[in-house]
Amino acid sequence: MRLAFVLLFVFLANYAQAEGLPDGPPYLRIEAATHLAAIKRIAVDASGQLLATGSDDKTARLWNLKTGKLIRVFRPPIGLGNGGKVHAVALSPDGHFLAAGGWDAHAGQTGPGEHFIYLYDTTSGALTQRLGPLPDVVLDLAFSPDGKWLAAGLGSFGIRLWGGKSGFARPPWADAKYKANVYGVDFDRRGRLASVSFDGRVRLYQTMDAATPRARLLKVRRTPDGKRPIGVAFSPDGSSLAIVYLDSAAVSLLSTTSLKPSAVGSVDTRIVGGSSLYGVAWSGDGDTLYAGGNYQGGTGAIQIIAWGNGGIGAPRLLGGPIDSIMDLAGLPGGGVAWSAFDSEFGYFNASGESSLQIKPAMADLREKASGNFRNAADASAVWFGLGYGAADPWLFDLSRLSFHAAPERPEDFTEPNTDRLRIEGWYNSYQPKLNSRPLPLRNNEYSRSLAIAPDGASFVLGTDFSIYRYDDQGQPLWRSPAPGSVWGVNHSADGTIIMAALGDGTIRWYRTSDGAELLALFVHAPDKRWIVWTPTGYYAASPGGEDLIGWHINGMTWDDAVNFFPASRFRDRFYRPDIVQLVLETRDEAAAIVAANVIAKRKNDGALSIKDLPPVIEVIADAQGLEADETNLELRYRLRAPSGREVTKIEVRVDGQLSDVIAARGVSTVDDAVDGSVPLIVRIPSRDCEVSLVAFHGDQASTSAKVKVSWKGSEPPKPTRRLFALLVGVSKYDDPALELNFADKDAQDLAAVLKRQQGRFFQSVETTLLLNEEATGQAIDDALVKISAQAGPDDYTLVFMAGHGATVQNKFYFLPTSVDVSGDRMVATSLRGGVIASRLNAARGKVLFFIDACYSAQALRLDMSGFVNSITGENNAVMMYSSSSGTEVSYEGSQWQNGVFTEALMAILDDPASYNAQGEIITDELAVALRKKVNTLTDGRQTPIGRASEAVPPFPIAGL
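Now for a quick tour of the structure.

Some thoughts on the overall build of the chain
Phase 1: From N to C terminus, the chain includes 10 helices and 68 strands.
Phase 2: Relative to the 2.2 N^0.38 estimate, which gives 30 Å for 960 residues, the radius of gyration of the chain is 30 Å and therefore close to what a compact globule would have.
Phase 3: On the principal axes, the C-alpha backbone points of the chain span a range of 90 × 75 × 55 Å.
Phase 4: Counting only contacts in the chain whose residues sit at least 6 apart along the sequence, the fraction spanning at least 24 positions is 57%.
Phase 5: Working note: accessible area of the chain is about 35,800 Å², and carbon and sulfur atoms make up 49% of it.

Next up, the structure:
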């Protein structure tokens, strides 16, 4: 539980003016498909199907409330520091428009104000309009129930109102006669607008549908139960207003006729004690009033309180998240949606049952100030809990690029020293002291963690916003801004590197001498994907981890579209494990780049620029997806080219599988906010599916634009499946030093197992074997070309390859029997991974790729994670299984006369207990089973990977 929750709203008043103009270079941002910071405000549409969220992580997001699935991300322009934080969102009743505002990156450009509200079209994600400029931060937004009006509450400058007959085209009506921040605005169905402000007043207005936006102040009164009201909500019938406070546990229930306490009774909040309630909402029928804030109720979890009988009934505790409630939104069918400071959100249904709770995908790095955060002597490895404190401990090793569960604290790892100097009040305190003398911190910073240098000559403090380094006399040496609360700090054994555990879910490495950041690690806690990167964006990643970061690029002007490109769009340039692993050794990113390029014989690529950007394609479709009852589906899309280069083609994919390629000639590359969309007919199957469009500059692909399609037509006939399998096994090489024991036998044995699926799951199984001397590079490529052309849309293509592999300049190569590994000959005499990928992606139907690759003792390096990411990127349709991850060895087992991976695969396919209740094995089920079995057989030394693009849904691959 954070101790500084009382500042959640008042801290805006202490912001300095924006640090300046947002600079031009791209910003590296984490993208984990969830929020990574406090969700300050939420909103729902009239149907209760859509939920909008706005967060301090500088994004607004649209979700399917019933499933919790992310529909779309909206990104306003951002800058350094606070610029771009989204403090408020509103959703039009029909769900077609989302408004977002907060601390604008534009602020300070021409004066003290210049904040804007961004209005987005949810069908395309396009920015349709900027409303402003406004003189202060946007703290709350609300659409009227009829969608005609939009109101904004500002910091210290009152409210603004757009709409009426003029729509949002004319400047807003303003009431600036406020003396403090406006944290709450709300409409009722009669067009009345209520607001609450830290000036201790509640105001009631009547909107007036004139040629320009107007409103008339009906009443203003002091709030009866507190001086800092932070939330207001009309009852559905408009008869009552509910108000909550920062400085009081009360919930005021006011009559909208008089703005005096309601005659029907009061809300019983005695249960809340001295806590505060930040959010308030009504159920759709008006029978239940909800409120939530920091009240725990002795359960360890924050509690949302519900009062029946129009708010005057007995309080009922519903439960909630582990951190403070930020906002509530009533649902039309009953129940309430909520958001939290730790980026969780969810909803309770009308019966008070928790129907959805979406937890943050980041590691919970709170309480890492003691022995819960340890690192190796050279800082190349770190042990920490993915959960609170030491819960769910894992170890990341940069030297091996590995991440694995580690239940025991490593004895040779160091923990932070906190007692060599007399430092008091460093843990959860506003006023840390050295030898009883206060240490200088910025306003409202809470000290969270401490680490004293090994020589005792300096120390670092982690606070809510910064890392500070002081000498042993308490004199500041430097301050480094942090992207989240600094819950833990530590030193390397020689004191030259500082490590920090931060509130945005990252572990970061800093240079002790000047506080310069060296590396950052982010772990996607639910599935343990990870990525580690340098400040300029060079990265190493686990399979599926590379798109956990991406480049945010502001438009050329403030009205231009913002672009976001996942790191995978620049894989050839920025996937550089060699650079990442050298940074701690050189203590300098630039030096690491030079050293790695010398070793790899590569030139410095330089900084990312506009000319490097891929195209952008957007599908114009309802946020909830499309329905179809015919196999010819009409889509509309928009296309942009930020680099100005020609868009050469568009690929159409269905469930990741290539369906069509169309020329982009004649397509406008100008983003036209009025229309600018292009029609397209897509052939879809007679089932639910996902259609994606990918645009290209030559070979450079855009991020795919996706839309879910629900099939409403007749039931399709049961498919007739055939399996075409190519199995390659190379044990005997022309170079005797490369010889393996069982790769050829692996291919033969697996072919026999697959044959047993004929008549069970497949109508027919056709296998092709290339063994030893037959498996030349040309022969393998010819066989790949042939097999990719055989399958129809209902068929399966399976490729299995066992033998040596190697990675050169971050590209994978499979070593055929005739490979020459002397000098620089290996690349020319091997089969490039990119060729394998292109052949697999040319196949129709379901595509499976199994690879059991070893590397020899002849100084050949193998990086399977990079190869998996290149094969299973979002524009590919391959389900891939690799025998190992990262740089792990793939073992052979003499007791089985097979490779461990192949032995596990065959055992699973032949074991009836492996099949589910439907008598099938699904792709993701096989991935889990392989990981467990191979880990068991190798005592945890080998971890296989099973992964496909997110565009490829799980599918059955074998049956009884």
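Following the structure, the description resumes.
Brief notes about the nonpolar core
As a rule of thumb, nonpolar side chains are buried together in soluble globular proteins.
Phase 1: In terms of nonpolar packing, the biggest core is built from 57 residues, with Phe384, Phe396, Ile507, Trp509, Leu521, Phe522 and Val532 touching the most fellow members.
Phase 2: With six residues, the single largest contributor to this core is strand S43 (residues 517-524).
Phase 3: For Phe384, the contacting residues outside a window of four places in its chain are Leu365, Lys368, Asn372, Phe373, Asp392, Pro393, Trp394, Phe403, Ile507, Leu521 and Val523.

Some remarks on empty space enclosed by the protein
Which parts of space are left empty comes out when a probe the size of a water molecule is rolled across the atoms.
Phase 1: By the definition in use, this model includes six cavities of 30 Å³ or more.
Phase 2: Its boundaries defined by the atoms lining it, the largest cavity holds a volume of some 100 Å³.
Phase 3: For the largest cavity, the lining is made up of 13 residues, of which Leu754, Leu798, Leu848, Leu909 and Ile957 are closest to its centre.
Phase 4: Looking at the lining of the largest cavity residue by residue, the classes come out as 12 nonpolar, one polar and no charged.

Digging into unusual backbone geometry
Phase 1: Cis geometry marks the peptide bond from Gly132 to Pro133; its omega dihedral reads 10 degrees.
Phase 2: For Pro133, the location among the structural elements is in strand S9 (residues 127-134).
Phase 3: A positive phi angle, near 60 degrees, is found at Leu259, a position not held by glycine.
Phase 4: By relative accessible area, Leu259 is classed as buried at 2%.
Phase 5: In this structure, Arg587 takes a positive phi of about 60 degrees despite not being glycine.

Structural notes on the environment of Val819
Phase 1: Here Val819 is to be found in the loop between strand S60 (811-814) and helix H6 (825-828).
Phase 2: For Val819, a relative accessible area of 4% puts it in the buried group.
Phase 3: Each C-alpha atom, one on Val819 and one on Ala350, is 67 Å from the other, the two residues being 469 residues apart in sequence.
Phase 4: Sequence-distant contacts of Val819, that is, excluding residues within four places in its chain, are made with Tyr733, Leu738, Met826, Thr829 and Ser830.

A closer look at the sheet that holds strand S30 (residues 381-385)
Phase 1: Taken in spatial order, the four strands make up an open sheet running S29-S30-S31-S32, and their pairing is antiparallel. Since the sheet does not close on itself, it has two edges, and those belong to strand S29 (373-375) and strand S32 (402-405), each with one partner. Each strand axis lies, on average, 15 degrees off the axis of its neighbour in the sheet, ignoring direction.
Phase 2: Judged from the four bridges that link them, strand S31 (residues 393-397) and S32 form a sheet pairing that is antiparallel. Residue Leu395 lies in a different strand from S32, and its bridge partner there is His404.

Some remarks on helix H10 (residues 923-937)
Phase 1: For H10, with 15 residues, the first-to-last C-alpha span of 21 Å sits near the 21 Å given by 1.5 Å per residue.
Phase 2: For H10, the set of buried residues is Thr923, Leu926, Ala927, Leu930 and Val934. What you see down the axis of H10 is that its buried residues fit within an arc of 105 degrees, all on one side. Of the residues in H10, the exposed ones pointing more than 90 degrees away from the buried face are Lys932 and Thr936.
Phase 3: Structurally, H10 contributes buried residues whose contacts are with strand S62 (846-854), strand S63 (878-882), helix H9 (900-910), strand S66 (920-922), strand S67 (945-948) and strand S68 (956-959).
Phase 4: Just downstream of H10 lies Asp939, where phi reads positive at about 55 degrees.

Things to note about the pairing of strand S23 (residues 304-307)
Phase 1: Because side chains alternate across S23, one face comprises the buried residues Ile304 and Ala306, and the other comprises Ile305 and Trp307, equally buried.
Phase 2: Inspection of the sheet shows strand S22 (residues 289-293) paired to S23 by four bridges, in the antiparallel sense. The residue bridging Ala291 from the neighbouring strand is Ile305, located in S23.
Phase 3: Both S23 and strand S24 (residues 315-319) contribute to a ladder of four bridges, which runs antiparallel. Across the sheet, the residue bridging to Trp307 is Pro315, located in S24.

Remarks on the packing of helix H5 (residues 777-788) against helix H7 (residues 833-841)
Phase 1: Remark: H5 packs on H7, axes separated minimally by 8 Å, with the N-to-C direction vectors making an angle of 20 degrees. Considered as vectors, H5 and H7 are oriented roughly parallel to each other. Considering the relative orientation of H5 and H7, their crossing is right-handed. Along the contact surface, H5 presents Asp781, Leu784, Val785 and Ser788, while H7 presents Val835, Ile836 and Arg839.
Phase 2: Taken together, the residues of the contact of H5 with H7 sort by class into four nonpolar, one polar and two charged.

Topic: the side chain of Glu344
Phase 1: Mapped onto the fold, Glu344 is located in the loop between strand S26 (336-340) and strand S27 (345-348).
Phase 2: In this structure Glu344 touches Ile39, Pro321, Ile322, Trp338, Ser339, Gln357, Ile358, Lys359 and Pro360, once residues within four positions along its chain are discounted.

Considering the side chain of Asp397
Phase 1: When you line up the elements, Asp397 lands in strand S31.
Phase 2: For the buried residue Asp397, which engages in no salt bridge, the nearest side chain bearing the opposite charge is Arg400, 4.8 Å off.
Phase 3: Here Ser399 takes part through its side chain, which lies 2.5 Å from a polar atom of the side chain of Asp397.
Phase 4: With sequence-adjacent residues up to four places away left out, Asp397 is seen in contact with Ser380, Ala381 and Ser402.

Looking at the pairing of strand S59 (residues 796-808)
Phase 1: Along S59, 12 of the 13 residues are buried, which leaves the element largely enclosed by surrounding structure.
Phase 2: Where strand S57 (residues 722-729) meets S59, seven bridges bridge the pair, whose relative direction is parallel. Bridging across to S59, Val728 finds its partner in Met801.
Phase 3: As defined by bridge partners, S59 adjoins S60 across four bridges and the pair is classed as antiparallel. Each residue of the ladder has a partner; that of Val808, found in S60, is Lys811.

So, the pattern of salt bridges
Phase 1: Taken as a whole and judged by the stated rule, the model has 35 salt bridges.
Phase 2: The shortest N-O distance in the salt bridge between Arg587 and Asp494 comes to 3.2 Å. Note that Arg587 is positioned in the loop between helix H2 (577-586) and helix H3 (589-600) and Asp494 in the loop between strand S40 (486-491) and strand S41 (497-502), a separation of 93 residues in sequence.
Phase 3: On the accessibility criterion, Arg587 (24% relative accessible area) is partly exposed.
Phase 4: Assessed through its relative accessible area of 48%, Asp494 is described here as partly exposed.
Phase 5: Between Asp781 and Arg839 there is a salt bridge; the shortest N-O distance is 2.7 Å. Here the residue Asp781 occupies a position in helix H5, and Arg839 occupies one in helix H7, the gap between them amounting to 58 residues.
Phase 6: Three or more residues are tied together by salt bridges with common partners; here these are Glu31, Arg61 and Arg75.

A look at the packing of helix H4 (residues 743-755) against H9
Phase 1: Packing of H4 against H9 brings their axes to within 10 Å, and their N-to-C directions diverge by 10 degrees. Considering their axes alone, H4 and H9 lie roughly parallel with respect to each other. Contact with H4, carried on its side by Asp746, Asp749, Leu750, Val753 and Leu754, involves Thr902, Leu905, Met906, Leu909 and Asp910 of H9 and no other residues of that element.
Phase 2: Of the residues that constitute the contact of H4 with H9, the class distribution is six nonpolar, one polar and three charged.

Thoughts on the sheet that holds strand S42 (residues 506-511)
Phase 1: Strand order in this open sheet of six strands is S40-S41-S42-S43-S44-S45, and the pairing throughout is antiparallel. Taken across any chain shown, the strands that pair with only one partner, and hence form the sheet edges, are S40 and strand S45 (539-541). In this sheet, neighbouring strand axes are inclined to one another by 15 degrees on average, regardless of whether the strands run parallel or antiparallel.
Phase 2: As paired strands, S40 and S41 are joined by five bridges and run antiparallel to one another. Paired with Val486 across the bridge in S41 is Leu502.

So, how was this worked out
- Residues numbered from 1 in each chain as written.
- Predicted model: local features only at pLDDT ≥ 70, side-chain atom pairs only at ≥ 80, totals over all residues.
- Heavy atoms only, no water.
- Helix = DSSP H or I, 4+ residues; strand = E, 2+ residues; numbered from the N terminus.
- Rg over C-alpha atoms; globule rule 2.2 N^0.38 Å.
- Contact = heavy atoms within 4.5 Å.
- Areas by Shrake-Rupley, 256 points an atom, 1.4 Å probe, with all protein chains shown as cover.
- Core = buried A, V, L, I, M, F, W, Y, C linked by side-chain atoms within 4.5 Å.
- Buried < 20%, exposed > 50% of the residue type's maximum accessible area, 1.4 Å probe, protein only.
- 1 Å grid on protein atoms, 1.4 Å probe; cavity = no way out; pocket = protein on both sides within 12 Å on 5 of 7 lines; lining within 4 Å.
- Points joined across faces, edges and corners; volume = space filled by probe spheres on them.
- Nonpolar A, V, L, I, M, F, W, Y, C, P; charged D, E, K, R; others polar.
- Pairing = 2+ DSSP bridges.
- Axes fitted to C-alpha atoms, helices over the stretch in contact; angles between N-to-C directions.
- Expected span 1.5 Å × (residues − 1).
- Arc of directions from axis to C-beta.
- Parallel < 35°, antiparallel > 145°, perpendicular 65-115°, else oblique.
- Left-handed = near helix turned anticlockwise from the far one by under 90°.
- Lys, Arg positive; Asp, Glu negative; His and termini not counted.
- Salt bridge = Lys/Arg side-chain N within 4 Å of Asp/Glu carboxyl O.
- Polar contact = N/O pair within 3.5 Å; in protein donor to acceptor, adjacent residues only side chain to side chain.

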